Amino acid sequence: MDWEALKQACLQCDKCELAKTRQNVVFGVGPTDAEVLFVGEGPGGQEDLQGEPFVGPAGQFLDDMLSIIGLGRHNCYIGNIVKCRPPQNRDPLPTEQEACIGWLRMQTKLLQPKIIVCLGRIAAQKLISEDFKITKEHGVWFDKGGIRFMAMYHPSALLRDITKRPDTFRDLKKLREMLISITDDPQRYSV
Ligand code: URA
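Below you will find a few notes about this structure.

### Here's the deal with the pairing of strand β1 (residues 36-40)
Right, on to step 1. Among the five residues that make up β1, five are buried, leaving the element largely enclosed by the rest of the structure.
Right, on to step 2. Pairing between β1 and strand β3 (residues 115-119): four bridges, direction parallel. Bridge assignment links Leu 37 to a residue of β3, and that residue is Ile 116.
Right, on to step 3. Two elements, β1 and strand β2 (residues 77-80), share four bridges in a ladder whose sense is parallel. In the strand pairing of β2, Val 39 is matched with Gly 79.

### Some remarks on the pattern of salt bridges
Right, on to step 1. Inspection of every chain in the model, using the stated rule, returns 12 salt bridges.
Right, on to step 2. Among the ionic pairs, Glu 35 bridges to Arg 188, the shortest N-O distance being 3.8 Å. Separated by 153 residues along the polypeptide, Glu 35 in the loop between α2 (18-21) and β1 and Arg 188 in the segment after α9 (165-182) bring together distant segments of the chain.
Right, on to step 3. You can call Glu 35 buried: its relative accessible area is 5%.
Right, on to step 4. A residue is classified by how much of its surface remains accessible, and Arg 188, at 23% relative accessible area, is partly exposed.
Right, on to step 5. For Arg 121, the salt bridge identified is with Asp 91, shortest N-O distance 3.2 Å.

### Remarks on the sheet that holds β2
Right, on to step 1. Taken in spatial order, the five strands line up as β2-β1-β3-β5-β4 in an open sheet, and their pairing is mixed. If you trace the sheet from one side to the other, it starts and ends with β2 and β4 (142-144), each paired once. Here the average twist between neighbouring strands, direction ignored, is 30°.
Right, on to step 2. Here β3 pairs with strand β5 (residues 147-152) via five bridges, running parallel. Note on β5: the bridge partner recorded for Leu 119 is Met 152.
Right, on to step 3. The strands touched by helix α5 (residues 94-111) are β1, β2, β3 and β5; relative to β1, the strand with the most contacts, the crossing angle is about 170°.

### Brief notes about the packing of helix α4 (residues 57-68) against α9
In helix packing, the relevant descriptors are the interaxial angle and the interaxial distance, both defined with respect to the helix axes.
Right, on to step 1. Viewed as axis vectors pointing N to C, α4 and α9 meet at an angle of 50°, and their least axial separation amounts to 10 Å. Taken together, the axes of α4 and α9 are oblique relative to one another. Relative to α9, the crossing made by α4 is right-handed. Facing Phe 61, Met 65, Leu 66 and Ile 68 of α4, the residues of α9 in contact are Arg 165, Thr 168, Phe 169 and Leu 172.

### Looking at the state of the cysteines
When the sulfur atoms of two cysteines share a covalent bond, that bond is a disulfide.
Right, on to step 1. Counting across every chain of the model gives zero disulfides.
Right, on to step 2. We note that Cys 13 lacks a disulfide partner, and the nearest cysteine sulfur, in Cys 100, lies 6.1 Å from it.
Right, on to step 3. Cys 118 takes part in no disulfide bond, and the closest cysteine sulfur, belonging to Cys 76, lies 14 Å away.

### Some points on the environment of Val 191
Right, on to step 1. Along the chain, Val 191 falls in the segment after α9.
Right, on to step 2. Along the backbone, Val 191 and Gly 70 are 121 residues apart, and their C-alpha atoms lie at a distance of 4.5 Å.
Right, on to step 3. Setting aside chain neighbours within four positions, we find Val 191 in contact with Ser 67, Ile 68, Ile 69, Gly 70 and Arg 176.

### Here's the deal with α5
Right, on to step 1. Compared with an ideal rise of 1.5 Å per residue, which puts 18 residues at 26 Å, α5 spans 25 Å between its outermost C-alpha atoms and is within 8% of the ideal.
Right, on to step 2. In the structure, α5 departs most strongly from a straight axis at Cys 100, where the bend amounts to approximately 40°.
Right, on to step 3. Residues Glu 96, Gln 97, Cys 100, Ile 101, Trp 103, Leu 104, Gln 107, Thr 108 and Leu 111 constitute the buried set of α5.
Right, on to step 4. Gln 112 occupies a position one or two residues after α5 and carries a positive phi of about 50°.

Cut-off values and rules
Residues numbered from 1 in each chain as written. Predicted model: local features only at pLDDT ≥ 70, side-chain atom pairs only at ≥ 80, totals over all residues. Heavy atoms only, no water. Buried < 20%, exposed > 50% of the residue type's maximum accessible area, 1.4 Å probe, protein only. Helix = DSSP H or I, 4+ residues; strand = E, 2+ residues; numbered from the N terminus. Pairing = 2+ DSSP bridges. Salt bridge = Lys/Arg side-chain N within 4 Å of Asp/Glu carboxyl O. Axes fitted to C-alpha atoms, helices over the stretch in contact; angles between N-to-C directions. Contact = heavy atoms within 4.5 Å. Parallel < 35°, antiparallel > 145°, perpendicular 65-115°, else oblique. Left-handed = near helix turned anticlockwise from the far one by under 90°. Disulfide = S-S within 2.5 Å. Expected span 1.5 Å × (residues − 1). Bend = angle between axes of the 7 residues up to and from the residue.

Below is the structure:
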């Protein structure tokens, strides 16, 4: 399947109950040759309305964080574990995550990223390990099937709790160091 076919199929998805309450499926955005994939947990209110990931307050904060290390929507792909908004922004249920994860797997297969960054506990527990502890294991690299994985605090958590920000600054520096060491084109990430 190519990107367009995958997107069209995803936009029609009704594999879980979230399909009934969504305004838009939030498929994901970014260049299809991106070397870095960021994965959040699921769309919030703004994302549901606009059909694009991380466009609300947390998204603006994410954009600010990424720009510090030469990253942004022009050189990263951004997606979510679930593509439809959970009502009242609750955590996506395990059944909803399981119903949806196939879309992200197919996106990952097409993208072939070198690095996947999980934004928050939900994404890290789904993609890195079931018992992932975000407070202990953020900023740590994991190798899975030739892809380097790291988790950082979710930007919403960073908006709520500024004491987490210095750790995230260090994690961003680690991400940049790794990316510069493995990229095909360091120019892409000039700051
Ligand atoms: N939070 C997420 O995890 N994903 C989004 O797309 C927006 C907010």
